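A structural walkthrough
Residue-level listing of the chains:
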Amino acid sequence: MTAVLPDLAHEVRRALGTVVDPELDEPVTDLGFVRSVAVDGGAVEVHLRLPTSFCAPNFAWLMVSDAHDAVAAVPGVQRVVVELDDHHDSDLINAGLAAGLGYRGTFGSEAEDSLDELRATFTRKAHTAAMERALTALLRADPSADVREVTLGDLPDDAAAALRRRRSAVGLPVDDGAPVLVRDDGTRPGPDDAAMVLRRARSVRISVDGNAHFCRGLLTTRYPGSEADQVPRPDDRPVLPLEVLP
């Protein structure tokens, strides 16, 4: 058997870190969804696991296929096998991916026309949640801040970087002068509806974060010891009372 190449194994795990659960907006590596990575020369085999056996097949396909594409793009990788373990559609997904059938070819008449809109929906939600996190953190520091006037250049570097990534994914401006608070269509809210836009963004963020916590817990229940593979989330802080919002 060919010896494992440490550098290649490291690069494969880095590539898997770019694969995001579309609903939870977190890397599969942080969530503990990567069960194992085996590297033998230029051959790589990855096994993924999910919190339940009945996670939505379209979400599962996105993660498995994205993982395959990410690993295949790593220099030095010659052959890739990515398999999903312990899912009710594992055999179907693994066979379809291995054969290069794509989502529709794998699921046939059960498949949606395209996963593009599903991916776009969760990309927009990821941006909305990141926008709310950035503005709420700013309001904690200065409750009198006018959120309509906050620009990307006003945010701390880490918050600005996280938000820029998500703005870029949805096609919004990423320059320092770009307003942070925007509607789903990218337009800036007026003085009368800014608070409502922020409240709606908060509901999206709470949903995303709540689902992430729930799924992490389910995974550790299903796979005892998997918490060692999870990257802890930053401690959640209480949200601001609605009455202090602009």
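Per chain, residue numbering runs from 1 following the sequence as it is written. Where local features are concerned, this predicted model is filtered to residues with pLDDT of at least 70; where side-chain atom pairs are given and counted, the filter is 80 or more; whole-chain, interface and lining totals use all residues. Hydrogens and water are ignored here; the side-chain numbers use all heavy atoms of the structure.

**Points about the layout of surface pockets**
Here the largest pocket is characterised by a volume of approximately 1,400 Å³. Secondary structure elements follow DSSP: runs of H or I no shorter than four residues count as helices, runs of E no shorter than two count as strands, and numbering proceeds from the N terminus. Within the residue set of the lining of the largest pocket, elements represented by two or more residues are strand 1 (20–21), strand 2 (26–27), helix 6 (116–141), helix 7 (157–170) and helix 8 (194–222). For the lining of the largest pocket, the leading source of residues is helix 6, giving 12 residues. Counted by class, the lining of the largest pocket contains 20 nonpolar, 4 polar and 20 charged residues. Domain delimitation in this document rests on an assignment produced automatically or drawn from a domain database. Counting only domains with at least three residues in the lining of the largest pocket, you end up with domain 1 (4–110) and domain 2 (116–229). Detection works on a 1 Å grid of protein atoms alone, calling trapped sets that fit a 1.4 Å probe cavities and calling open sets with protein on both sides within 12 Å along at least five of seven lines pockets, with lining residues defined by an atom within 4 Å of a point. Grid points are joined across faces, edges and corners, and a volume is the space filled by probe spheres set on the points. In this count, Pro and Cys sit with the nonpolar residues alongside Ala, Val, Leu, Ile, Met, Phe, Trp and Tyr, while Asp, Glu, Lys and Arg are called charged and the others, Gly among them, polar.

**Topic: the sheet that holds strand 5 (residues 79–84)**
In short, DSSP must find at least two bridges between two strands for them to pair. Spatially, 3 strands are ordered 3-4-5 in an open sheet, and the strand pairing comes out mixed. One side of each edge strand has no neighbouring strand; the edge strands of this open sheet are strand 3 (34–40) and strand 5. The average undirected angle you get between the axes of adjacent strands in this sheet is 10 degrees. By the bridge criterion, 6 bridges tie strand 4 (residues 43–48) to strand 5 in an arrangement that is parallel. Residue pairing in the sheet places leucine 48 in a bridge with leucine 84 of strand 5. Relative to strand 5, helix 3 (residues 57–72) is tilted by about 160 degrees, and along the sheet it contacts strand 4 and strand 5. The convention used is that axes are lines fitted to C-alpha atoms, helices contributing only their stretch in contact, and that angles between N-to-C directions extend from 0 to 180 degrees. The contact definition used throughout considers only heavy atoms, calling two residues in contact when any of these lie within 4.5 Å.

**Quick look at the pairing of strand 3**
Bridging between strand 3 and strand 4 involves 6 bridges; their strand directions are antiparallel. Note on strand 4: the bridge partner recorded for valine 34 is leucine 48. Between strand 3 and strand 4, which pair antiparallel in sequence order, lie 2 residues; one of them, glycine 41, sits at a positive phi of approximately 65 degrees.

**With respect to the domain arrangement of the protein chain**
Domain parsing of the protein chain yields domain 1 (4–110) and domain 2 (116–229). Relative placement of domain 1 and domain 2: their C-alpha centres are 26 Å apart. With 22 residues of domain 1 at the interface, the matching set in domain 2 holds 16 residues. Summed over both partners, the accessible surface that disappears when two parts come together, traced with a 1.4 Å probe, is what is meant by buried area. Of the roughly 1,800 Å² buried at the junction of domain 1 and domain 2 (both faces included), carbon and sulfur atoms supply 56%. Of all residues in domain 1, the largest losses of buried area upon contact with domain 2 belong to Asp25, Arg49 and Pro51, amounting jointly to 30% of the total for that side. In what follows, salt bridge is the name for a side-chain nitrogen of Lys or Arg lying within 4 Å of a carboxyl oxygen of Asp or Glu. For the pair domain 1 and domain 2, the number of links is 4 salt bridges. In this structure, glutamate 26 and arginine 216 form a salt bridge, with 2.8 Å as the shortest nitrogen-oxygen distance. Top element by residues in the side of domain 1 that touches domain 2 is helix 3. It accounts for 4 residues. Tallied by class, residues from the side of domain 1 that touches domain 2 come to 8 nonpolar, 5 polar and 9 charged.

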